[in-house]
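# Structural overview
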Amino acid sequence: MKVNSRKASVHKGAGVFDNKPWQKIRVGDVLKVEKDQFFPADLLLLSSSDEDGICYVETMNLDGETNLKVKRSLEVTLPLDDDATFKDFTGTIRCEDPNPNLYTFVGNFEYDRQIYPLDPGQILLRDSKLRNTAYVYGVVIFTGHDTKVMQNATKSPSKRSGIERKMDQIIYILFTLLVLISLISSIGFAVKTKFQMPDWWYLQPQNTTSLYDPSRPALSGIFHLVTALILYGYLIPISLYVSIEVVKVLQASFINKDIHMYDEETGNPAQARTSNLNEELGQVDTILSDKTGTLTCNQMDFLKCSIAGTAYGVGATEVELAAAKKLAYDLDNQDQENSDVPVHKNRANHSEIELEMVVTSREGKDLKTNIKGFSFEDSRLMNGNWLKEPSVEFVLLFFRILALCHTAIPERNEETGSINYEAESPDEGAFLVAAREFGFEFCRRTQTSVFILERYSSSGQPIQREFKVLNTLDFTSKRKRMSVIVKDESGQILLLCKGADSIIFDRLSKNGRMYEEATTKHLNEYGESGLRTLALAYRKLEESEYSAWNSEFMKAKTSIGADREAMLERVSDMMERDLILVGATAIEDKLQKGVPQCIDKLAQAGLKIWVLTGDKMETAINIGFACSLLRQGMKQICITTINAEASSQDSKETFLLLVTEQAVRENILMQITNASQMIKLEKDPHAAFALIIDGKTLTYALEDNMKLQFLGLAVDCASVICCRVSPKQKALVTRLVKEGTGKTTLAIGDGANDVGMIQEADIGVGISGVEGMQAVMASDFSIAQFRFLERLLVVHGHWCYKRIAQMICYFFYKNIAFGLTLFYFEAFTGFSGQSVYDDWYMLLFNVILTSLPVISLGVFEQDVSSEVCLQFPALYQQGPRNLFFDWYRIFGWMGNGLYSSLIIFFLNIIIFYDQAFRSNGQTADMAAMGTTMFTCIIWAVNCQIALTMSHFTWIQHLFVWGSIATWYLFLLLYGMMSPLLSGNAYRILLEALGPAPIYWAATLLVTAACNLPYLTHISFQRCFNPMDHHIIQEIKYYKKDVEDQHMWTRERSKARQETKIGFTARVDAKIRQLRGRLNRKHLAQAGSQAVSVMSPS
């Protein structure tokens, strides 16, 4: 309601604009939106403050991207740039029906008896924001729930954990057992009433009520059924639900107060926004993550470059440093293990590796001032030293391409005088910062020119140069390159181009390939280090050549029709030929702090990670490399519809379009089938596959006849990246994974575009980042940074799952052990409905005498400490495999309860049946018998929970042993009350049970007999078939982790799931590569030594 009450400037007639609330905006209204305002509806852009009708839009709420998008109005509406021009404005728009697709739009604009085609480049979507443009005019196309952002919204579902759903099934089983034994009791009572009651003269059957009427036994049985249901109701653990709620609230408070998940920068702690999904955190199988703002800071740092075949930049990435460190450690271990080999053998190798990996490159980094977007370190290019380089002309061109080949806008900070750049992508921003640091500052842009301040020149004085921008050939995901055509001050026309290396290399001229081999080598090295790379090239143009091409380009640009884009691409391609290679750039995509380590730990814990992003495919792939979801050597399976799109554009008839749609589906299905077959036939154990799919293809892949094949392929791949996906597609993919695999899914994101995915997943985690609080408000848990997800799952998730699972199993055990003793006593008393226990005993059993120990189990139990959970991530798999709450374990605990009930009842009957109970020869009555049995139950169930616990604090000791002490205290105080209140329990402990040795002996014997099977089982399991946490507990108990560090490290390396993604997998691949390189070098050295030994002879 608050959003819909915002005001917007609406044309009310005669060229006058007035403010109206969003909720009163109607289709066809003309709006004026000013800088930094949100668009209140889906609009067709008519004009802007820019002469060319250009405006810049931030779509963070739609696709999570923080970079700006360029929108351009139709040329015919450019004159509508003032309020008064709308006085007589009329037009007609015919367009598609409302739909959730953010990246397509089909429609026509009829104006001045001409029809103009519309495309997404002219559409301004609701909830995106106008940036870097003073104002725009637009006409409303869709409002309210018809807008694309609302079409992507999903209903908020009700969530319950898997353990809760399974608990309901157990309650049904216990209820069935309750009805069954109640029926047995009622039938037994009816039989007794009919055949035996007439002989029991002392009950006076001739004067009895209908409850005990031998002439109507069926009616007596029905009445008794109600009695039995009430009496045996203790089988149903009603207090379990209350106890679980208490436990979950306390668990949630521990999550909220975990100092290790508190972000000092923002002051945000972790927050459990719901407490009924705590245990689900320990059973996650697949994580579906947003990219921008979740994995990345969306900040690029210029780190390295290659110019004219020479590599510059001595900084090392985290992958390089970790690989060098781990390889050195492995070689040290080999030295220790192979004691017969001289130790000095590998010392030279270590230095070789360190030199190769540039480990020492970060020395003195702290002395350098940090510049956002620039982490380059190499004195050869800094402070004008590039003028001394042998290829100075290429270095100059390289820097000019960085400073000129972009669409960014400079904004000068009035207070500091510094210039900030508003760029379409973070890459462009990093290039401009790098150019500025190298001495080529982009300082001003006009409609036709770009001005560069060159601080270092041959004259030694700063010079401001003007370059006229003749044409801009925009970057698209299909072209994978961008070019500008500029004229310098000498009149020379240059085409400056940057793009993917594969695209640029295909367009090089014969004499432009002199540095291709060296540059390719550098590009491969940068790629292996997880850096984003682009190749830079140029071409000199003659005036006549350019004029001829420009006329073709303008003709294509002004054409109207479906083939306009194809014509523009063809004409652009004609110019982007015969290029000369200048060099390549390497940019480090700044991930959020700790993201690679977190992903690595989650991968070692056996979790699968999917990335769902609205970003371009190239950006998504680069991020995949940066956070180690992708790596060099991993086989990428890209499912696309590029060819099909081209064919659909060529089709004019409806019939042909339908055929093409079918062809698209068949083509995608064939790609999926072939990829699945390729994975099955792969024999290399180290082979890893990554699935990459775009939003348009995903539309088909999520259809009913294809989605299961798509899911099967995705599950077989090590990592999955879905790019260019809409918010609704994120939710649909999440639903497919959740329902298709039947396993627990977790979605994590930080923006409004992630809300559908967060709500659809079993667990939604919101990041309280820079994109607002929409994701947090829709989430079940919120954290400040992605890295805290590691502790939330591997520590809290693991603990909560085991605590809740053990707590529920124990609850069923103790209720069965208690409830069935009532049934056995009934069989001994003619199914009369008489209870062996005092009513107060039964009332206090679940409320006081056994409630606190089980709550302490659910709140404080730890099989291992938090540090060990993080060191042994494979322990987490106990949750997804459901080792502590499968039917085997549940029925095992129920069987334990059945056994305990049999021992408690019949062993006490055997002990007390035929012998004196007190010193003067009296036998035990029902009150003494019942109190002794109840004492045995209290001891047995509390000793059982003590055996179950792995971690004791003073609180557990207080609750467990305090519960037993409370029973004796209650018995003492209850017995001291008036007989009118205590009844048969009057002074029972002081006078009857306390002085009788048989009471204490029976308690000891029965308690030991009840717990002996569990003790035997756990002892056998720990000795012959130990679980992972049993081994760790033993190591910690005997302090082997301190005394034998080598063994502890070895166990830690074993305790991780085999994975093909993550930092560790990437480092392992790098080590395999380095080992191969070292082996080849050693073989070559051995060969040369053999030759030198043979030559003297």
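None of these values were measured; they are calculated from a predicted model.

## So, the packing of aromatic side chains
- Inspection of every chain in the model, using the stated rule, returns 50 aromatic pairs.
- For the pair phenylalanine 302 and phenylalanine 376, a centre-to-centre distance of 6.0 Å together with 55 degrees between the ring planes defines the contact as tilted. With a gap of 74 residues between them, phenylalanine 302 in strand β15 (residues 296-307) and phenylalanine 376 in the loop between α7 (347-357) and α8 (392-404) connect regions that are remote in the sequence.
- Between the aromatic rings of tyrosine 999 and tryptophan 1000, the centroid separation amounts to 4.9 Å while the plane-to-plane angle is 70 degrees, which identifies the pairing as edge-to-face.
- Look at tyrosine 999 and you get buried, because its relative accessible area is 0%.
- Taking the relative accessible area as the measure of exposure, tryptophan 1000 reaches 40% and is therefore partly exposed.
- Lying over the aromatic face of tyrosine 135, lysine 32 brings its terminal NZ or CZ to 4.9 Å of the ring centre.
- The cationic tip of arginine 444 hangs over the ring face of phenylalanine 451; the distance from NZ or CZ to the ring centre is 4.0 Å.

## With respect to helix α33 (residues 1028-1037)
- When α33 is considered as a whole, its buried residues turn out to be His1029, His1030, Ile1032, Gln1033 and Ile1035.
- Lysine 1039 occupies a position one or two residues after α33 and carries a positive phi of about 60 degrees.

## Examining the environment of isoleucine 904
- Looking at the element boundaries, isoleucine 904 is found in helix α27 (residues 887-913).
- A relative accessible area of 1% means that isoleucine 904 is categorised as buried.
- Taking the C-alpha atoms as reference points, isoleucine 904 and threonine 935, separated by 31 residues in sequence, lie 9.7 Å from one another.
- The residues contacting isoleucine 904, other than those within four sequence positions of it, are Thr821, Met933, Cys936, Ile937, Ala940, Val1006 and Cys1010.

## Remarks on the side chain of arginine 507
- Here arginine 507 is to be found in the loop between α10 (501-506) and α11 (516-528).
- Setting aside residues no more than four positions away along its own chain, arginine 507 makes contact with Arg481, Asp573, Glu576, Arg577, Asp578 and Leu579.

## Details of a positive patch on the surface
- Taken together, the side chains of Lys7, Lys20, Lys24 and Arg26 define a basic patch exposed on the protein surface.
- Here arginine 26 lies in the loop between β2 (16-21) and β3 (30-34).
- Under the relative-accessibility criterion, arginine 26 is labelled partly exposed at 49%.

## So, the sheet that holds strand β9 (residues 114-118)
- Spatially, the 3 strands line up as an open sheet ordered β7-β8-β9, and their pairing is antiparallel. Both edges of this open sheet fall to β7 (92-95) and β9, since each of them pairs with a single strand only. Neighbour to neighbour, the strand axes of the sheet diverge by 20 degrees on average, direction disregarded.
- Sheet topology note: the β7/strand β8 (residues 107-111) ladder contains 4 bridges and is antiparallel.

## Some points on the environment of isoleucine 672
- Within the secondary structure layout, isoleucine 672 lies in helix α17 (residues 654-681).
- Sequence separation between isoleucine 672 and leucine 713 is 41 residues, and the spatial gap between their C-alpha atoms is 6.8 Å.
- Those residues in contact with isoleucine 672, other than ones at most four positions away along the chain, are Ile639, Met706, Gln709, Phe710 and Leu713.

## Notes on the pattern of salt bridges
- What the rule picks out here adds up to 40 salt bridges.
- In this structure, arginine 400 engages glutamate 454 in a salt bridge whose closest nitrogen and oxygen atoms are separated by 2.9 Å. One end of the pair, arginine 400, is in helix α8; the other, glutamate 454, is in strand β20 (residues 449-454), with 54 residues separating them in the sequence.

## Topic: unusual backbone geometry
- Notably, alanine 308 is not glycine yet its phi reads approximately 50 degrees, a positive angle.
- For alanine 308, the position within the fold is in the loop between β15 and β16 (310-312).
- Accessibility expressed as a relative area gives 7% for alanine 308, which makes it buried.
- For asparagine 882, which is not glycine, the phi torsion reads 55 degrees and is therefore positive.

## Considerations on helix α14 (residues 595-604)
- Counting buried residues along α14, 9 of its 10 residues qualify, which places the element largely inside the surrounding structure.
- Three or more residues of α14 are buried, namely Val595, Pro596, Cys598, Ile599, Asp600, Lys601, Leu602, Ala603 and Gln604.
- Two residues or fewer after α14 comes glycine 606, characterised by a positive phi angle close to 90 degrees.

## Quick notes on the nonpolar core
- If you look at the biggest cluster of nonpolar residues, it comprises 92 residues, and the most contacted ones within it are Ile808, Tyr837, Tyr841, Phe885, Phe934 and Trp967.
- Take this core: its biggest share by element is 17 residues, from helix α23 (residues 788-828).
- Setting aside residues up to four positions removed in sequence, isoleucine 808 forms contacts with Ile163, Met167, Leu240, Ile244 and Phe885.
- Within the second largest apolar cluster, 59 residues are counted, among which are Ala272, Ala620, Phe625 and Phe786.

## Let's talk about a nonpolar patch on the surface
- There is a patch of nonpolar side chains on the surface, built from Phe828, Leu898, Leu902, Phe906 and Ile910 and spanning about 470 Å² of accessible area.
- If you tally residues by element for the nonpolar patch, the top one is α27, at 4 residues.
- Note that isoleucine 910 resides in helix α27.

## Thoughts on the sheet that holds strand β28 (residues 689-694)
- With respect to topology, 9 strands assemble into an open sheet ordered β13-β32-β31-β30-β14-β26-β29-β28-β27, the strand pairing being mixed. Every interior strand has two partners, whereas the edge strands, β13 (271-272) and β27 (635-639), have only one.
- Against the sheet, helix α19 (residues 707-716) contacts β26 (608-612), β27, β28 and β29 (719-723), and its axis sits at roughly 140 degrees relative to β28.

## A few points about the pairing of strand β24 (residues 532-541)
- Among the 10 residues that make up β24, 8 are buried, leaving the element largely enclosed by the rest of the structure.
- Examined bridge by bridge, β24 and strand β25 (residues 580-591) share 7 bridges and lie antiparallel to one another. Residue pairing in the sheet places alanine 535 in a bridge with alanine 584 of β25.

## Thoughts on the side chain of serine 186
- Looking at the secondary structure, you find serine 186 in helix α3 (residues 162-195).
- For serine 186, a relative accessible area of 6% translates into the label buried.
- When sequence neighbours within four positions are dropped, the list of residues in contact with serine 186 reads Gly221, His224 and Leu225.

## Some thoughts on the pairing of strand β18 (residues 419-422)
- Direction of pairing for strand β17 (residues 409-412) relative to β18: antiparallel, over a ladder of 4 bridges. Bridge assignment links isoleucine 409 to a residue of β18, and that residue is glutamate 422.
- If you look at the hairpin formed by β17 and β18, you'll find 6 residues sitting between the two strands, and glycine 417 has a positive phi there, around 80 degrees.

What counts, and where the lines are drawn
Residues numbered from 1 in each chain as written. Predicted model: local features only at pLDDT ≥ 70, side-chain atom pairs only at ≥ 80, totals over all residues. Heavy atoms only, no water. Phe/Tyr/Trp six-rings, centres within 6.5 Å; stacked < 30°, edge-to-face > 60°. Helix = DSSP H or I, 4+ residues; strand = E, 2+ residues; numbered from the N terminus. Buried < 20%, exposed > 50% of the residue type's maximum accessible area, 1.4 Å probe, protein only. Lys NZ or Arg CZ within 6 Å of the ring centre and 35° of its normal. Contact = heavy atoms within 4.5 Å. Patch = residues over 30% accessible without salt bridge, like charges linked within 9 Å, V, L, I, M, F, W, Y side chains within 5 Å. Areas by Shrake-Rupley, 256 points an atom, 1.4 Å probe, with all protein chains shown as cover. Salt bridge = Lys/Arg side-chain N within 4 Å of Asp/Glu carboxyl O. Lys, Arg positive; Asp, Glu negative; His and termini not counted. Charge placed at Lys NZ, Arg CZ, Asp CG, Glu CD. Pairing = 2+ DSSP bridges. Axes fitted to C-alpha atoms, helices over the stretch in contact; angles between N-to-C directions. Core = buried A, V, L, I, M, F, W, Y, C linked by side-chain atoms within 4.5 Å.

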